[in-house]
Amino acid sequence: MHAFRNILRTEARLYLRDLPTLLTIVGLPTMILVVLGLIPSLREPDPNFDGQNFVNYFAPSLLVVTLAMVGVNTMPMALATYRERGVLRRLATTPAHPGALLAAQLVVALAAILASALLLIVVGRLAFGVPLPRHPLGFTLAFVLGTAALLALGLLVAAVARTTKAAQALAVPLFLLTMFFGGVYLPRFLLPDAVARIGDYTPPGVQALLDAWTGPSPQPLHLAIMAVIAVAAGASAAKLFRWE
Amino acid sequence: MPVIEVTHLKKRYGDLVAVDDVSFAVEAGEIFGVLGPNGAGKTTTVECVAGLRVPDGGGVSVLGLDPRRDAAQLRQRVGVQLQESQLPDRLRVAEALELYASFYRNPADPAALIDKLGLGDKRNTAYKKLSGGQKQRLSIALALVGNPEIAILDELTTGLDPQARRDTWGLIEQVRDSGVTIVLVTHFMEEAERLCDRVAVIDRGRVVALDSPAGLVSTVAPEQRIRFRPSAPVDDRLLTDLPEVSAVQRTGGQVVVTGTGDLLHAVTSVLARHQIVAADLRLEQSTLDDAFVELTGHRPAN
Ligand SMILES: Nc1ncnc2c1ncn2[C@@H]1O[C@H](COP(=O)(O)OP(=O)(O)OP(=O)(O)O)[C@@H](O)[C@H]1O
Ligand SMILES: [Mg+2]
């Protein structure tokens with residue numbers, strides 16, 4: 001426990017030290033929100049979005065940005081790099097378990113994801129009147145499960161990739177797909193219906209986030225699928241993970 | 001009582017037999033060298049001792065414990081410097097040592113260790129900004145920060161400049177003098193000769209010799225060579241009649257005498273008796289280098 005606390009403190013410090021990455025991870029979704037929010041027509045109610053404006057409709061997709069960046073990109077890449085450079089092995093020679101470093105990586109990743117989501121929700125509310133999530137419990141559940149599913153996929157990437165190059169080769173397409181199905185590149189109402197439906201079930205489950213934020217309430221099936229992905233990917237990652 | 005005992009160790013990677021049959025025992029308080037050409041199985045051997053790899057056969061006992069089963073205990077008591085292991089780019093020297101010190105029950109003082117290893121003016125420098133030799137020194141410090149009873153150092157001074165190498169040797173002697181047993185994998189014969197009490201030479205996964213450096217030299221390559229320029233003609237017979245002499249050669253005006261035992265004394269005495277002065281006299285003794293080549297058929301890396 002003692003070792004874990006010290007490793008966590010060190011990892012947090014290293015995370016804060018990489019300012020450009022930190023700012024992107026935490027701030028990018030909010031920056032996009034601000035740019036879009038400054039366009040008056042996007043703040044007009046629109047029948048396309050059940051009478052909401054585009055900014056409200058698009059906010060959950062902006063949550064996906066950080067989740068995708070951290071979950072299937074920076075977190076697995078950091079772990080793959082630690083493995084490739086022998087950081088995990090060196091730790092294995094000490095009384096501290098390399099698992100503590102993995103756990104610390106997950107905690108800082110979660111903290112960054114949470115900070116980014118809070119910033120987005122608060123700025124959206126204060127600057128553009130985006131309502132706070134209508135179903136706080138449902139939203140928390142959708143967010144937690146979606147995050148867990150993506151982080152588990154990220155861990156699976158870190159587990160199966162032997163080198164950082166291999167991790168990159170898996171992480172980049174996964175990142176692009178997550179962003180695409182999350183409706184970040186093209187708002188989902190512009191996507192063919194089938195593609196948008198697939199997006200309901202790809203982590204982090206943007207439809208459940210939207211439903212819980214401004215809609216009726218998340219559908220249990222959407223949430224259940226995220227839970228299944230989280231458990232399946234997480235268990236495979238735990239089974240396949242190599243410390244060297 | 002040996003502190004490390006390796007008996008008939010065997011380790012395969014798929015079809016490749018990295019360690020075929022390695023046995024040795026390391027006594028408390030000694031500096032034990034492991035020499036051998038690239039790919040001989042040195043790293044694999046010491047990593048089995050450190051509990052990082054699971055042997056396919058044979059036994060390893062460290063401080064009377066099993067490196068796998070008693071891993072938790074041994075990690076407190078054995079410090080390891082891996083051949084290839086880095087740190088996060090942005091981690092600073094002092095942070096790294098303080099973090100690693102916090103893992104141990106009785107750690108060394110990180111600040112003192114930093115100074116001892118000549119990293120005093122780098123304590124706030126990020127890992128990626130250190131030179132290769134400074135990284136290496138940090139790595140040595142990390143292996144010692146837990147105040148281990150045994151330190152396993154794989155390629156201790158690779159990448160260090162000659163001065164830093166000598167400083168590190170001094171440090172290792174200090175560490176040994178404080179009672180730590182040291183296992184040292186090295187490619188530098190000079191390092192082995194200077195530091196090691198005993199040396200195991202490993203070649204293709206087997207121990208081909210195990211002795212003190214001087215013992216290895218005298219048993220494997222006992223030849224000595226004397227070169228000189230005689231002041232008057234010398235009859236070869238004069239020299240070849242000496243029991244110590246095995247051969248006499250001439251190159252230009254130079255006489256080269258090869259032999260064993262107290263060769264120098266025998267040759268100079270016989271010359272003196274015939275009133276011949278040996279100018280430019282030089283004695284060349286075999287070194288660990290010669291013994292290494294003899295044993296493994298490889299040139300040492302440097
Ligand atoms: N993880 C591994 N997987 C597969 N083969 C390996 C692995 N590690 C080492 N080997 C192989 O085992 C053999 C012994 O390697 P080892 O690293 O023990 O040699 P070494 O004596 O330390 O060499 P060097 O002086 O180059 O460090 C080599 O042929 C190497 O290619
Ligand atoms: Mg090696």
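The model shown is predicted, which means the values in this text are computed figures rather than measured ones.

Conventions and cut-offs
- Residues numbered from 1 in each chain as written.
- Chains lettered and ligands numbered in written order.
- Predicted model: local features only at pLDDT ≥ 70, side-chain atom pairs only at ≥ 80, totals over all residues.
- Heavy atoms only, no water.
- Salt bridge = Lys/Arg side-chain N within 4 Å of Asp/Glu carboxyl O.
- Helix = DSSP H or I, 4+ residues; strand = E, 2+ residues; numbered from the N terminus.
- Buried < 20%, exposed > 50% of the residue type's maximum accessible area, 1.4 Å probe, protein only.
- UniProt positions renumbered as here; feature names shortened; annotations may be inferred.
- Contact = heavy atoms within 4.5 Å.
- Buried area = accessible area lost by both parts, 1.4 Å probe.
- Domains from an automatic or database assignment.
- Donors = N, O, S within 2.8 Å, 3.2 Å for Na, K, Ca; no water.
- Core = buried A, V, L, I, M, F, W, Y, C linked by side-chain atoms within 4.5 Å.

Examining the pattern of salt bridges
All names here are of chain B. With the rule as written, the count across this model stands at 28 salt bridges over all chains. The shortest N-O distance in the salt bridge between Arg176 and Asp197 comes to 3.1 Å. Note that Arg176 is positioned in helix α6 (residues 162–177) and Asp197 in the loop between α7 (189–195) and β8 (198–203), a separation of 21 residues in sequence. With relative accessibility at 33%, the residue Asp197 sits in the partly exposed group.

Things to note about the UniProt feature "domain: ABC-2 type transporter transmembrane" (unreviewed entry) in chain A
Residues given the UniProt feature "domain: ABC-2 type transporter transmembrane" (unreviewed entry) here are residues 4–192 of chain A. Measuring from the first to the last C-alpha atom of residues 4–192 of chain A gives 47 Å, for a span that is 76% helix and 0% strand.

Considerations on the interface of chain B and chain A
Taken together, the contact pairs 26 residues of chain B with 22 residues of chain A. The contact between chain B and chain A buries some 2,400 Å² in all, and 53% of this surface belongs to carbon and sulfur atoms. The tally of links between chain B and chain A comes to six salt bridges. Here A:Arg17 and B:Glu95 are joined by a salt bridge, their closest N and O atoms 2.5 Å apart. At the level of secondary structure, the elements contributing two or more residues to the side of chain B that touches chain A comprise α2 (71–77), β5 (78–81), α3 (93–101) and α5 (132–144) of chain B. Counting residues per element, the side of chain B that touches chain A draws most heavily on α3(B), which supplies three residues.

Observations regarding the domain arrangement of chain B
Each assigned domain of chain B is listed with its residue range as follows: domain 1 (2–218) and domain 2 (223–285). Summarising the inter-unit geometry, the C-alpha centres of domain 1 of chain B and domain 2 of chain B are found 44 Å apart.

So, the coordination of the magnesium ion (ligand 2)
Residues and elements named next belong to chain B. Only Thr43 (OG1) and Gln83 (OE1) from the protein coordinate the magnesium ion (ligand 2), and they sit 1.9 to 2.1 Å from it. Taken together, the positions of Thr43 in helix α1 (residues 42–49) and Gln83 in the loop between β5 and α3 put the pair 40 residues apart, joining distant regions of the chain. Judged by relative accessible area, which is 35%, Gln83 ranks as partly exposed.

Brief notes about the nonpolar core
The biggest cluster of nonpolar side chains holds 120 residues, and the ones touching the most others in it are A:Ile7, B:Phe103, B:Leu138 and B:Ile182. If you tally residues by element for this core, the top one is helix α3 (residues 54–84) of chain A, at 17 residues. Not counting chain neighbours up to four residues away, the residues in contact with B:Leu138 comprise B:Leu87, B:Val93, B:Leu97, B:Leu119, B:Tyr127 and B:Leu130. Counting residues in each nonpolar core, the second largest holds 30 residues, with B:Val3, B:Ala40, B:Cys48 and B:Ile150 among its members.

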